Amino acid sequence: PATPLTQARTMLGYVSVRTLAGLAVLASMTGSASCFSTSAAIGVRPTLRSSSSSQRAPALSSLRMVAAEPRVMTKLNKNIKTPDPIPEEGIELATELMRSGKLYRYSAEDATSCMVSQCEAALANYMDLQYCVALNSCGSAIFMALKCVGAQHGDLVLSNAFTFTAVPSAIVHAGCEPVYVECNDQYLMDPEHLAEMADKTGAKYVVVSHMRGKVADMDAIEEVCQTRGITIVEDCAHSLGVRWNGVHTGHKGVMSCVSSQSYKMLNSGEGGFLLTNDEELAAKMILYAGAYEKLYQKHSTRPADEYFERLKLETPNYSMRMDAARAAMILPQIYTLDERIAVYNRRYEVVKADMNKIPHLTVPDQLDQVSPVYDSVQFNIRGISEQQLDAFVAGCAARGVPVEVFGAKTNARYFRNWKYTEKSQQQFDSLPKTEHIIQWAGDLRLPLMFEEEDFKTMTTAVAEAMADATREE
């Protein structure tokens, strides 16, 4: 009859024991009194040949356990998805509005007393743009921008092959077809490929997405578009506070789109803004957002009445307005942007230096013309196998530092997951450069609420995960 000892010997012949839990089970089965420390137990494995029922069980003395080098497990015990909090002033303003019940932006008596109008004016001033309308999301802003500039059903719209799913979704929402442009290893839109795709397709619109605050060569992109009559819309969801040659992003395009979703520099849970310096476009965006009859008069950043009176009967009302409570949360955050950006950027430089010391990882630099905002860090992974990449990602997750790979099969930033139109899917095999880059590109948030030592814990955990993933067994 089988005994605990023969059962253990059989098991040891067929499996490699790598966890403390496994060793504990084996110890109880064999009746062994051996004890293993936590660090030494990780990686311990038997060196036995397979046994079969016809073979005689080896003597107990032949059961050799060889302990691998102890593996340290640094762990981050905070949530890396922690968003920036709403300032107390914003909470008080929102609470006051909730008590009054005046959450609808047009419940205010006039533009001066309207919380949403105050928020729009503050953001327009920060970005040095003249007109601003607050919306329910940045995706709505991109959609409305395309409607404002005249994009029609079936029109082709150039955009980044590396961006978030909301961008091509907004293009499709506007009834248009996305045409994807390759990126380089700095995650930036390639101006040469933009020109190539513009000439090939004849597209007259482009949505340039500053993904993760990375700004492409906007002078080159502007030149490509000006010589071909292409209208630029800028997706500044990730680039609030970022400047190109000293000028805030959003000025190369005729319209710019900003986000206040929780993981952006402004946090209202959901929300967005559309901005422009053009009077006609400003009137259209306010009407599209939901200013019917003469409600446009309750906007402070707007052109003259004549624009609205001429356009209002031919401009659909999409009811995409921001409510007053969200504007109240956002308003005080606008005034602290530069202060928070300084904190983010100081911490980033420390993280970047540590990450660049880790074998196989490189954090790309931004272009010299960019004054950046770093609320996250992206890095290229080189010189390891796909299996090692999987092990690295798993090791980071086990240490509480969930690295996202942009090109992972489940990632919403991977263009093969954007199966929104038949025509756009036909482009997927024509984007080899972007596909290779994002399949080896990692992403980590740098929460404002973390302490300095938390970032050291993060980079240490990442270094350990890479060491384990590339360790030769």
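Structure's up top.
Structure report, in brief.

## Describing the environment of Pro191
One can find Pro191 in helix 8 (residues 191–201). The exposure class assigned to Pro191 is buried, which follows from its relative accessible area of 19%. Put simply, Pro191 and Asp219 are 28 residues apart on the chain and 9.5 Å apart in space, counted from C-alpha to C-alpha. When sequence neighbours within four positions are dropped, the list of residues in contact with Pro191 reads Asp217, Ala220, Ile221 and Val224.

## Some details on the pairing of strand 7 (residues 231–235)
With respect to burial, strand 7 is a largely interior element, four of its five residues being buried. Here strand 6 (residues 205–209) pairs with strand 7 via five bridges, running parallel. Across the sheet, the residue bridging to Val206 is Ile232, located in strand 7. Relative to strand 10 (residues 255–259), strand 7 is paired through three bridges, and the arrangement is parallel. Paired with Glu234 across the two strands is Ser256, which belongs to strand 10.

## Quick look at the layout of surface pockets
Put simply, the largest pocket is a space of about 600 Å³. Lining of the largest pocket is provided by 31 residues; of these, Phe164, Arg212, His238, Gln261 and Lys264 occupy positions nearest its centre. Within the lining of the largest pocket, the residues separate by chemical class into eleven nonpolar, ten polar and ten charged.

## Here's the deal with the pattern of salt bridges
All chains considered together, the criterion is met by 24 salt bridges. Among the salt bridges present, the one from Lys312 reaches Glu309, with a minimum N-O distance of 3.3 Å. For Lys312, a relative accessible area of 23% puts it in the partly exposed group. Here the salt bridges do not stand alone but share partners, grouping Arg399, Glu464, Asp468 and Arg471 into one network.

## With respect to the nonpolar core
Side chains of a nonpolar character, in soluble globular proteins, are inclined to be buried together. Grouped together as the largest cluster of nonpolar side chains are 57 residues, with contacts concentrated most on Leu123, Leu158 and Phe273. At eight residues, helix 5 (residues 115–127) tops the list of elements feeding residues into this core. Counting residues in hydrophobic clusters, the runner-up holds 41 residues, among them Cys138, Met144, Ala282 and Met285.

Each value, and the rule that gives it
Residues numbered from 1 in each chain as written. Predicted model: local features only at pLDDT ≥ 70, side-chain atom pairs only at ≥ 80, totals over all residues. Heavy atoms only, no water. Helix = DSSP H or I, 4+ residues; strand = E, 2+ residues; numbered from the N terminus. Buried < 20%, exposed > 50% of the residue type's maximum accessible area, 1.4 Å probe, protein only. Contact = heavy atoms within 4.5 Å. Pairing = 2+ DSSP bridges. 1 Å grid on protein atoms, 1.4 Å probe; cavity = no way out; pocket = protein on both sides within 12 Å on 5 of 7 lines; lining within 4 Å. Points joined across faces, edges and corners; volume = space filled by probe spheres on them. Nonpolar A, V, L, I, M, F, W, Y, C, P; charged D, E, K, R; others polar. Salt bridge = Lys/Arg side-chain N within 4 Å of Asp/Glu carboxyl O. Core = buried A, V, L, I, M, F, W, Y, C linked by side-chain atoms within 4.5 Å.

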